[in-house]
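# Structure at a glance
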Amino acid sequence: MTAPEPVQAIKQRRDSALASLVGAVPYAQFLGIYFERHGDELTAILPYDDKLIGNPQLPAIHGGVIASFLEVAAIIELSWATIWPDLEAGRVTPEDMAQNLPRLPKTIDFTVDFLRSGLPRDGYARARVNRSGRRYASVHVEAWQDNRARLFAQATGHFLMPQTG
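Residues numbered from 1 in each chain as written. Predicted model: local features only at pLDDT ≥ 70, side-chain atom pairs only at ≥ 80, totals over all residues. Heavy atoms only, no water.

The chain appears in an unreviewed UniProt entry as PaaI family thioesterase from Roseinatronobacter domitianus.

Structure, rendered in C-alpha cells:
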C-alpha cells in the first residue's frame, strides 16, 4: 500500500495548473485578474486600479473592464472544470500544461447585465457551468464587491469547446 500524496504536494500541483491556465490569457494579466482556489471552487479577483475607471466623475469601473472580467472568469472556470478530472487522476500534470497549454473555449456569445456601477474597489466573481458537452457549454457568472448578496454585474455565456484528440 502506498502512502497518500502529501497535502502540500496536492495544493502545489493544483495551484501550478491554475497558474498555467490563467497565464494563457494575457488580458487577464493586463487587468490584474487572479484567482483564489478552494478545492475545485474558483473565485476571480479584479484588484482595483485607477486605470480601470471609465467615468472619473462618479468614479465607476469601465463597463468593458467589467465585461472582460466576467468573461475571463467564465472561460477559466469552464477550462478548470474540464481539466480537473484529468489533473486529479494524474493524466495531466502542471508540467504538461506549462509546455502544452490546453486550448481555451471560444466565446459564441456573452450577455452582461450591469446591475449597478462598479465602485472604485476590488471586484469578485464566481462562475457556474450550467452545461458542458463535447462541443458546447453554457456558463453563468456573478460579480460583487463588498457584499456577495449585492451583485454589481452578472453574465451568461455560451462557448464552443475545444476539440480533443
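### Structural notes on the overall build of the chain
Of the regular secondary structure elements, the chain holds 4 helices and 8 strands. For the chain, the succession of helices and strands along the chain, N to C, is α-α-β-β-β-β-α-α-β-β-β-β. For the chain, whose C-alpha radius of gyration is 17 Å, the value lies close to the compact-globule estimate of 15 Å for 165 residues. Expressed along its principal axes, the backbone C-alpha trace of the chain runs to roughly 65 × 35 × 30 Å. Pairs at least 24 residues apart make up 64% of the contacts formed inside the chain by residues separated by at least 6 positions. With the model as given, the accessible surface of the chain reaches about 9,200 Å², and the carbon-plus-sulfur share is 51%. Here the chain contributes 17 positively and 18 negatively charged side chains, and the mean placements of these two sets differ by 5 Å. (Helix = DSSP H or I, 4+ residues; strand = E, 2+ residues; numbered from the N terminus. Rg over C-alpha atoms; globule rule 2.2 N^0.38 Å. Contact = heavy atoms within 4.5 Å. Areas by Shrake-Rupley, 256 points an atom, 1.4 Å probe, with all protein chains shown as cover. Lys, Arg positive; Asp, Glu negative; His and termini not counted. Charge placed at Lys NZ, Arg CZ, Asp CG, Glu CD.)

### Quick look at the pairing of strand β6 (residues 123-132)
Where strand β2 (residues 41-46) lies against β6, 3 bridges are found, and the strand directions are antiparallel. Paired with Leu-46 across the two strands is Gly-123, which belongs to β6. In terms of strand pairing, β6 meets strand β7 (residues 136-144) through 8 bridges, oriented antiparallel. Bridged to Arg-126 within β7 is Glu-142. Between the antiparallel neighbours β6 and β7 lie 3 residues. (Pairing = 2+ DSSP bridges.)

### Structural notes on the pairing of β7
Extensive coverage of β7 is indicated by the burial of 7 of its 9 residues. Of the pairings in the sheet, the one linking β7 to strand β8 (residues 151-160) comprises 9 bridges and is antiparallel in character. Its bridge partner lying in β8, Trp-144 is registered against Leu-151. Where β7 folds back on β8, the antiparallel hairpin that results is connected by 6 residues. (Buried < 20%, exposed > 50% of the residue type's maximum accessible area, 1.4 Å probe, protein only.)

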